[in-house]
Amino acid sequence: MSYPYLKGHGTENDFVLLPDHDGTVHGDLSAERVRALCDRRAGIGGDGVLRVIRTSAPPVVEEQALRASRNHRQDDPNPEWFMDYRNSDGSSAEMCGNGSRVFARHLYDEGLVPSGEPVRIATRDGVKTLTRVSDDLLTVDLGVATIHGETKVSVGDRSWSATHVTMCNPHAVAVVDDLDDVGSLLEEPAYDASVYPAGVNVEFVVRRGVDHIAMRVHERGAGETRSCGTCSCAAAIATASEGPGRWQVDVPGGSLEVTRDDTGRIFLTGPALIVARGETDL
């Protein structure tokens, strides 16, 4: 059976999008299918899969994703759309900052949400609001970050102190002297499993100036990626002074802007592009 797909990316953090509005095309969406789609040699290739599905579809209702959402109020109506995000290894994740912008770009482009208006989407980390700044540029409100304290990460025989941050997903942020010091990041860095029982995104950061950092990341369930949105926010917050601010985060795939307002909410701004579409039977 063939089915439609799209390919998109945000600062080269790339995704396969699967339109499955009522959940009848992919059902529970198996991990095997996700891995096949994300395979860069035998599949379409991507850091993850974004299934475009309505919150009323049975797979979403059964998962009870909205009930578990930390940022969803009972008096706030459910959004129409749920971003069912899967890592390239087939596992599910709470949230994807770059992916949410690509997801919203698709909704806007296809006329599935009103153009020119903010769009609310449901995720496993709650309801997120996105605003289109221009054709390719979008901003997502990711909520409030929490800094828990210090931990440690290691690559080979080298170890670094790291800051434990919750920014939608779990993060460990280590400041290093040179981004080349951490090697290829083909293997998952070692971390304290008692602190991160469900795994962790590990960010390695160098300072490039006032309110300006550069980062490499090993994403949980995906390996080293060219960019990560929630990771960029975690890295900025972990290395910044308290209070509102704006930071430029350079990643291998480009640059992102992270803003914290005077209430502590974190906003991520960056590009979102749809680069291909077609049908596959993977």
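Let us look at the structure shown here.

Definitions and limits used
Residues numbered from 1 in each chain as written. Predicted model: local features only at pLDDT ≥ 70, side-chain atom pairs only at ≥ 80, totals over all residues. Heavy atoms only, no water. Disulfide = S-S within 2.5 Å. Buried < 20%, exposed > 50% of the residue type's maximum accessible area, 1.4 Å probe, protein only. Salt bridge = Lys/Arg side-chain N within 4 Å of Asp/Glu carboxyl O. Helix = DSSP H or I, 4+ residues; strand = E, 2+ residues; numbered from the N terminus. Phe/Tyr/Trp six-rings, centres within 6.5 Å; stacked < 30°, edge-to-face > 60°. Pairing = 2+ DSSP bridges. Right-handed = clockwise from strand over helix to strand, strands pointing away.

Take the state of the cysteines next. Enumeration over the complete set of coordinates arrives at one disulfide. Covalently, Cys-228 is tied to Cys-231 through a disulfide, its sulfur atoms 2.4 Å apart. As the torsion about the S-S bond is roughly 60 degrees, the Cys-228-Cys-231 disulfide counts as right-handed. When its relative accessible area of 4% is taken as the criterion, Cys-228 is described as buried. With no disulfide partner, Cys-96 has as its closest neighbouring cysteine sulfur the one in Cys-228, 6.5 Å distant. You can see Cys-168 has no disulfide; the closest cysteine sulfur is in Cys-233, sitting 7.5 Å from it.

One pass over the structure, following the stated rule, counts 20 salt bridges. Across the salt bridge formed by Asp-84 and Arg-124, the nearest N and O atoms sit 2.6 Å from each other. Pair noted here: Asp-84 is in strand S4 (residues 81-87) and Arg-124 is in the loop between strand S5 (119-123) and strand S6 (126-132), with a separation of 40 residues, a long-range link. No difference in accessibility class separates Asp-84 from Arg-124, as the two residues are buried. Residues participating in the shared-partner salt-bridge network are Asp-20, Arg-51, Asp-84, Arg-86 and Arg-124.

Glancing now at the packing of aromatic side chains. Under the defined criterion, the tally for this structure stands at three aromatic pairs. Residues Phe-15 and Tyr-85 carry aromatic rings whose centres are separated by 6.1 Å and whose planes lie at 75 degrees to one another, so their mutual orientation is edge-to-face. Note that Phe-15 is positioned in strand S2 (residues 13-19) and Tyr-85 in strand S4, a separation of 70 residues in sequence. Phe-15 sits in the buried class, given a relative accessible area of 0%. Classification of Tyr-85 as buried rests on a relative accessible area of 2%.

The topology assignment puts His-26 in the loop between S2 and helix H1 (31-38). Look at His-26 and you get buried, because its relative accessible area is 8%.

Glancing now at the pairing of S4. Regular strands place side chains that alternate from one sheet face to the opposite one. Extensive coverage of S4 is indicated by the burial of seven of its seven residues. On S4, burial covers both faces: Trp-81, Met-83, Tyr-85 and Asn-87 on one face and Phe-82, Asp-84 and Arg-86 on the other are all buried. Across seven bridges, the pairing between strand S3 (residues 48-54) and S4 is antiparallel. Within the sheet, the bridge partner assigned to Gly-48 lies in S4 and is Asn-87. Pairing analysis gives two bridges linking S4 to S5, with the strands arranged parallel. Residue Trp-81 lies in a different strand from S5, and its bridge partner there is Ile-121. Taken together, S4, helix H3 (residues 97-109) and S5 constitute a β-α-β crossover, and its handedness is right-handed.

Of all the eight residues making up strand S13 (residues 212-219), seven are buried; the element is thus mostly covered by neighbouring parts of the structure. Count of turn residues in the strand S12 (residues 201-209)/S13 antiparallel hairpin: two residues, of which Asp-211 carries a positive phi of about 60 degrees. As defined by bridge partners, S13 adjoins strand S15 (residues 245-251) across three bridges and the pair is classed as parallel. In the sheet register, Ile-213 faces S15, and the bridge partner there is Val-249. Bridge count between S13 and strand S14 (residues 223-225): three bridges; the pairing is antiparallel. From the neighbouring strand, Glu-219 faces S14, where its bridge partner is Gly-223.

Looking now at helix H4 (residues 229-238). Of all ten residues in H4, nine are buried, a share of seventy percent or more. All of the buried residues along H4 are Gly-229, Thr-230, Cys-231, Ser-232, Cys-233, Ala-234, Ala-235, Ala-236 and Ile-237.

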